[in-house]
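Each chain, written out:
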Amino acid sequence: MRNIKPLFSLPVLVAALGYFVDIYDMLLFGIVRIPSLKALGLSPEQVSLEGVKILNWQMTGLILGGILWGIMGDKKGRLSVLFGSILTYSLANIMCGFVSSVAVYKVLRFVAGVGLAGELGAGITLVSEILPKRLRGIGTSMVAGIGLLGAVFAFFTVELFDWRTAYFVGGGMGVLLLLLRLGVFESGIFQSVKERNDLVKGDFFALFRKKERLLRYLKCIGIGLPTWFVIGILATFSDEFGLDLGIRETVDPGLAIMWCYIGLSIGDISSGFLSHYLKSRKKAVLYMMVFTFFCSGLYLYSGVSSVVALYALIGFLGFGIGYWAMFVTIGAEQFGTNLRATAATTIPNMVRGTVVLMTTLFVVFKGSFSTVNAGGLVGLLCFIVGFYSILTIPETHDKDLDYLEV
């Protein structure tokens, strides 16, 4: 039984608000990175070094959490993930408000990463399965578009309160959202296979057993690489790029992230309607990826000389990577019901986890090149993989999701 819901329904609203809290908590460290580490007594040099390490701990948690919640989503249900993940990251973020050492900070951001890993994939999977296929792309894009404004809310929360209070706000919102989710019902498509003991559900390694399935999975990950190059490198380390570009004004990474996510929110909503108009997921993502590539070149090599111009370009870059929801939707649509949550939850977190590799390469390249050229090299690698992946992956627009992986 499909249990089809309208576009404006409680599950879609709850998924959007859940992603709002998810993004708030995920991006909060990037915004409070400098003030929080300074408050813990670190020097400017230590802030840069330890900031990368803590971010890597969080992203590693996302990878492991993506696997954990993805398997649970296919075995126990989409709602079990939405409840469990938000409880985990809410408690971790509340504890971050009490942190007093870098070592504890790393552990808590790792736990938060594990919790944050389940939100988007489970939400997109649930919304994809309950909406009619003609509205699927618009619905998932609206979830992401609204949810991504959590980054803007995080920035203004840090502006109004100190960094510890900002963590308390994030944890508190998560607890409140947990109560709202009590009224959401499970996907009908999942319910139809839940009791089937003859069916393998949530087998993460099944994604690797067939070459064709593995290639689909890797291409889904590849499509998302440019998105986190923009967020994890160009926006997060915008202060360092600003220095290398000779910008005299101080570049605030928190403000850069905010503008990036404002653009990303607009782009995500736009990508859903673009896909609907073109009747193609692939074309919508490809056009936006080309736009992002062009804007990345302007950001790094057009000779940006003012902080206003830099923030504007970051906003355009955010719009360009607004295919994020479409990319996760593609991941959900590529796989059958018994592996859909596993794929859709692990794919975005594998992409987020590649930030560890990106930041590592970025640091290594800075040893031999300028900050701008180091960023350019990392970006080039990401876009090569991204373009190849979107050009060769199967189209999924209007695909019926009531099928199984065998």
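Residues numbered from 1 in each chain as written. Predicted model: local features only at pLDDT ≥ 70, side-chain atom pairs only at ≥ 80, totals over all residues. Heavy atoms only, no water.

### Description of helix α8 (residues 163–180)
Thought 1: Here α8 contains 18 residues, and its C-alpha end-to-end distance of 26 Å stays within 8% of the 26 Å for a straight helix at 1.5 Å per residue.
Thought 2: Where α8 is concerned, the buried positions are Trp163, Ala166, Tyr167, Gly170, Gly171, Met173, Gly174, Leu177 and Leu178. Take α8 and look down its axis: the buried residues cluster within an arc of 155°, on one side only. Exposed positions of α8 whose direction lies more than 90 degrees from the buried face are Leu176 and Leu179. (Helix = DSSP H or I, 4+ residues; strand = E, 2+ residues; numbered from the N terminus. Expected span 1.5 Å × (residues − 1). Buried < 20%, exposed > 50% of the residue type's maximum accessible area, 1.4 Å probe, protein only. Arc of directions from axis to C-beta.)

### Some details on the layout of surface pockets
It is a probe the size of a water molecule, rolled over the atoms, that shows where empty space is left.
Thought 1: A volume near 290 Å³ is recorded for the largest pocket.
Thought 2: Around the largest pocket sit 15 residues that line it, and Ile34, Asp239, Glu240, Leu243 and Val251 are the ones nearest its centre.
Thought 3: Of all the secondary-structure elements, those providing two or more residues to the lining of the largest pocket are α1 (10–39), α2 (44–75) and α12 (238–244).
Thought 4: Considered class by class, the residues forming the lining of the largest pocket number six nonpolar, three polar and six charged. (1 Å grid on protein atoms, 1.4 Å probe; cavity = no way out; pocket = protein on both sides within 12 Å on 5 of 7 lines; lining within 4 Å. Points joined across faces, edges and corners; volume = space filled by probe spheres on them. Nonpolar A, V, L, I, M, F, W, Y, C, P; charged D, E, K, R; others polar.)

### Overview of the pattern of salt bridges
When charged atoms on two side chains of opposite charge get close, those side chains can pair.
Thought 1: According to the stated counting rule, one finds seven salt bridges in the structure shown.
Thought 2: In this structure, the salt-bridge partner of Arg352 is Asp22, at a minimum N-O distance of 3.9 Å. Taken together, the residues Arg352 in helix α17 (residues 337–366) and Asp22 in helix α1 connect sequence positions 330 residues apart. Asp22 carries the same exposure label as Arg352, and that label is buried.
Thought 3: A salt bridge links Glu50 to Lys53, with the shortest nitrogen-to-oxygen separation between them at 3.8 Å. (Salt bridge = Lys/Arg side-chain N within 4 Å of Asp/Glu carboxyl O.)

### A word on the packing of helix α11 (residues 211–235) against helix α14 (residues 281–301)
Thought 1: Where α11 meets α14, the axes come as close as 10 Å, and the angle between the chain directions of the two elements is 30°. With respect to α14, the axis of α11 lies roughly parallel. Viewed along their axes, α11 and α14 form a crossing whose handedness is left-handed. Where α11 abuts α14, its residues Ile223, Pro226, Phe229, Val230 and Leu234 lie against Val285, Met289, Thr292, Ser296, Tyr299 and Leu300.
Thought 2: Across the contact of α11 with α14, the residue classes break down as nine nonpolar, two polar and no charged. (Axes fitted to C-alpha atoms, helices over the stretch in contact; angles between N-to-C directions. Parallel < 35°, antiparallel > 145°, perpendicular 65-115°, else oblique. Left-handed = near helix turned anticlockwise from the far one by under 90°. Contact = heavy atoms within 4.5 Å.)

### So, empty space enclosed by the protein
Thought 1: Within the structure shown, the criterion is met by three cavities of 30 Å³ or more.
Thought 2: Lining the largest cavity are Met26, Leu27, Gly30, Leu55, Gln58, Met59, Trp228, Ile231, Gly232 and Thr236.
Thought 3: Only α1, α2 and α11 provide two or more residues apiece to the lining of the largest cavity.
Thought 4: Residue composition of the lining of the largest cavity, by class: six nonpolar, four polar and no charged.
Thought 5: Empty space within the second largest cavity amounts to approximately 40 Å³.
Thought 6: If you go around the second largest cavity, the residues you meet are Tyr19, Ile23, Met26, Leu148, Trp228, Ile231, Tyr261, Leu264, Trp324 and Arg352.
Thought 7: Mapped onto the lining of the second largest cavity, the elements with two or more residues apiece are α1, α11 and α13 (253–278).

### Examining the packing of aromatic side chains
Thought 1: Taken as a whole and judged by the stated rule, the model has 23 aromatic pairs.
Thought 2: Summarising the aromatic geometry, the rings of Phe208 and Tyr217 are spaced 5.8 Å apart at their centres and angled 70° between planes, so their arrangement reads as edge-to-face.
Thought 3: Judged by relative accessible area, which is 1%, Tyr217 ranks as buried.
Thought 4: Geometrically, the ring pair formed by Phe229 and Phe383 is edge-to-face, given 6.2 Å between the ring centres and 75° between the ring planes. Highlighted residues: Phe229 in helix α11 and Phe383 in helix α18 (residues 371–392), separated in sequence by 154 residues.
Thought 5: For Phe383, a relative accessible area of 3% gives the class buried.
Thought 6: Every member of this aromatic cluster is reached through a ring pair, and the members are Phe204, Phe205, Phe208, Tyr217 and Phe335. (Phe/Tyr/Trp six-rings, centres within 6.5 Å; stacked < 30°, edge-to-face > 60°.)

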